[in-house]
Amino acid sequence: MRALRGLAFVALGIVGASMAQAQTFPSRSVTIVSPYQAGGTSDIISRLLAQKLGDLWKQSVIVENRPGANGSVGVLAVARGPADGHTLLAVASSALTLNPLLYRSLGYDVSRDLAPVTRTGSVPNVVVVHPSVPAKTIGELVALTKAKPGSLNYASQGNGSNGHLNGEMFRQLTGADMVHVPYKGSAPAVADLISGHVQVMFDNLPSVLEQIRAGQLRALAVTTAQRAETLPDVPTMAEAGVAGFETSAWFAVLVAKGTPEPLRADLEKAIVQALGDAELRGKLAQVGITALGDGSAAMVQRIDGETRVWREVIQRAKISIE
């Protein structure tokens, strides 16, 4: 009987501690790790979300940029950190769908090391060129690369990045002949594109929207099924004559595997609530980001579907990264 009472007290203690943790969360400042350079789409979403969550939790929420290896450095920092919900990972879809297919020694496994919370936003990719490029349409761009093979360079955020793979898909579908030039993030790539050191880029729309509006870059097409509201005159790839080219970049929040499920579920509820805020959605829309907040189950399904698509592209191109 005494043994049973002892077990009962232990069980009640565990439940009580769990409830106390849920009731006091967050008990200190929360860090959102954005594993990319400041200024990119992930960083924009992270900072707006941090502000809204800080208001909701009455606690400090800070964004920490930890770039490197297409997001892997920041992902590993969260995956190997404490599973107490006070460190969140705000990551682009490429870290979940592309990196596992590209890196031989990635260092993390998405399903083993991370727990999904929710997708946060989605953006079209857009094909942009320097104004000196004579092509005004996708068809003209393809024709130009075929007439002068290797004469145009296309920039990306890095080897194996979303921009790199979009360029590779474009090459496979059209036969365009361009040279890939990887950078360490979107910001330096866009800077060189504006300067004319490279001529073409496949980038997230928010990263180049202001440059398009200012005439520093020319947009030829967006990669989504529908035109972007912020660029209503720019055709989709399908409208531009490239069938089967439909991609987007999306962003998500995850936590370290082992985070207690009630806490992970509470985080999902809070972040979905924040993403439903009209003010936040409006600020994201102004820069071409569609707020999502569709939960962890939808994220898992999206990861599975996109992994199948990109595996085919990567295998055809025989791309791998050490």
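Caption draft 1: Molecular detail of the overall build of the protein chain. Tallying secondary structure elements over the protein chain gives 13 helices and ten strands in all. Here the C-alpha atoms of the protein chain give a radius of gyration of 22 Å, agreeing with the 20 Å that 2.2 N^0.38 yields for 322 residues. A buried classification covers 52% of the 322 residues belonging to the protein chain. A separation of at least 24 residues holds for 78% of the contacts in the protein chain among residues at least 6 apart in sequence. Counting only carbon and sulfur atoms, one obtains 54% of the accessible surface of the protein chain, whose full area is about 14,300 Å². Considering the protein chain, the positive charge centre built from 29 side chains and the negative charge centre built from 26 side chains are found 4 Å apart.

Caption draft 2: Examining the nonpolar core more closely. Core analysis: the biggest nonpolar cluster contains 80 residues, and Leu96, Ile138, Leu141, Phe170 and Val200 have the highest contact counts within it. A total of seven residues in this core trace back to one element, the largest contributor, which is strand E9 (residues 248-256). The contacts of Val200, once residues within four sequence positions are left out, are Val127, Val128, Val129, Leu141, Leu152, Asn153, Tyr154, Ala155, Met178 and Leu193. Residues Val128, Val222, Leu231 and Val234 belong to the second largest nonpolar core, which totals 19 residues.

Caption draft 3: Up close: the confidence of the model for the protein chain. When pLDDT is averaged along the protein chain, the result is 91, and 93% of the positions lie at 70 or above. In this model residues 6-22 is a low-confidence stretch, pLDDT under 50, and it forms three contacts with partners more than four residues away in sequence or in other chains.

Caption draft 4: Focus on the side chain of His130. Mapping His130 onto the fold places it in the loop between strand E4 (114-129) and helix H7 (138-147). Within polar-contact distance, the side chain of His130 engages the backbone oxygen of Ile194 at 3.2 Å. If near-sequence neighbours (up to four positions away) are discounted, His130 is found in contact with Leu193, Ile194, Ser195, Gly196, Val198, Gln199, Leu217 and Arg218.

Caption draft 5: Inspection of the packing of helix H8 (residues 162-174) against helix H13 (residues 295-317) at higher detail. The contact between H8 and H13 brings their axes to 10 Å, and the two run at 70 degrees. Relative to H13, the element H8 is oriented roughly perpendicular. Relative to H13, the crossing made by H8 is left-handed. Contacts between H8 and H13 involve Leu165, Asn166, Glu168, Met169 and Gln172 on the former and, on the latter, Val309, Trp310, Val313, Ile314, Arg316 and Ala317. Of the residues assigned to the contact of H8 with H13, the class counts are seven nonpolar, two polar and two charged.

Caption draft 6: Structural detail: helix H11 (residues 261-275). An ideal rise of 1.5 Å per residue puts 21 Å on 15 residues; H11 measures up with 21 Å between its terminal C-alpha atoms. Among the residues of H11, Leu263, Arg264, Leu267, Glu268, Ala270, Ile271, Ala274 and Leu275 are the ones counted as buried.

Caption draft 7: Representation of the packing of aromatic side chains in the model. Counted under the stated rule, the structure contains four aromatic pairs. Aromatic pair Tyr154 and Phe202: ring centres 5.8 Å apart, planes at 85 degrees, arrangement edge-to-face. Of this pair, Tyr154 sits in strand E5 (residues 153-156) while Phe202 sits in strand E7 (residues 200-204), and the two are 48 residues apart along the sequence. Residue classification places Phe202 among the buried positions, given a relative accessible area of 1%. Counting every residue linked through ring pairs, the aromatic cluster contains Tyr154, Phe170, Phe202 and Phe245. In this structure, Arg119 is placed above the aromatic ring of Trp250, and the distance from its NZ or CZ to the ring centre is 5.3 Å.

Caption draft 8: Summary view of unusual backbone geometry. Put simply, Phe25 and Pro26 share a cis peptide bond, and its omega is -10 degrees. Positionally, Pro26 belongs in the loop between helix H1 (2-24) and strand E1 (30-34). Its identity as a non-glycine residue notwithstanding, Lys58 has a phi of 60 degrees, on the positive side. Structurally, Lys58 can be placed in the loop between helix H2 (41-57) and strand E2 (61-65). With a relative accessible area of 71%, Lys58 lands in the exposed category. Phi at Lys318 is positive, roughly 55 degrees, even though this residue is not glycine. With respect to the element layout, Lys318 can be found in the segment after H13. What makes Lys318 exposed here is its relative accessible area of 74%.

Caption draft 9: Here's a closer look at the layout of surface pockets. Empty space within the largest pocket amounts to approximately 670 Å³. What lines the largest pocket is a set of 36 residues, and nearest its centre among them are Tyr36, Gln157, Lys184, Gly185 and Ser186. For the lining of the largest pocket, the secondary-structure elements that each account for two or more residues are H2, helix H9 (186-195), E7, helix H10 (205-213) and E9. Looking at the lining of the largest pocket element by element, the count peaks at three residues for H9. Partitioned by chemical class, the residues of the lining of the largest pocket number 14 nonpolar, 20 polar and two charged. Reported here for the second largest pocket is a volume of approximately 390 Å³. Taken together, 21 residues line the second largest pocket, and the ones lying closest to its centre are Glu246, Thr247, Ser248, Glu306 and Val309. Secondary structure elements with two or more residues in the lining of the second largest pocket: E4, H8, E9 and H13. With eight residues, H13 is the largest single contributor of residues to the lining of the second largest pocket. For the lining of the second largest pocket, a count of residues per class yields eight nonpolar, seven polar and six charged.

Parameters and conventions
Residues numbered from 1 in each chain as written. Predicted model: local features only at pLDDT ≥ 70, side-chain atom pairs only at ≥ 80, totals over all residues. Heavy atoms only, no water. Helix = DSSP H or I, 4+ residues; strand = E, 2+ residues; numbered from the N terminus. Rg over C-alpha atoms; globule rule 2.2 N^0.38 Å. Buried < 20%, exposed > 50% of the residue type's maximum accessible area, 1.4 Å probe, protein only. Contact = heavy atoms within 4.5 Å. Areas by Shrake-Rupley, 256 points an atom, 1.4 Å probe, with all protein chains shown as cover. Lys, Arg positive; Asp, Glu negative; His and termini not counted. Charge placed at Lys NZ, Arg CZ, Asp CG, Glu CD. Core = buried A, V, L, I, M, F, W, Y, C linked by side-chain atoms within 4.5 Å. pLDDT = per-residue confidence, 0-100. Polar contact = N/O pair within 3.5 Å; in protein donor to acceptor, adjacent residues only side chain to side chain. Axes fitted to C-alpha atoms, helices over the stretch in contact; angles between N-to-C directions. Parallel < 35°, antiparallel > 145°, perpendicular 65-115°, else oblique. Left-handed = near helix turned anticlockwise from the far one by under 90°. Nonpolar A, V, L, I, M, F, W, Y, C, P; charged D, E, K, R; others polar. Expected span 1.5 Å × (residues − 1). Phe/Tyr/Trp six-rings, centres within 6.5 Å; stacked < 30°, edge-to-face > 60°. Lys NZ or Arg CZ within 6 Å of the ring centre and 35° of its normal. 1 Å grid on protein atoms, 1.4 Å probe; cavity = no way out; pocket = protein on both sides within 12 Å on 5 of 7 lines; lining within 4 Å. Points joined across faces, edges and corners; volume = space filled by probe spheres on them.

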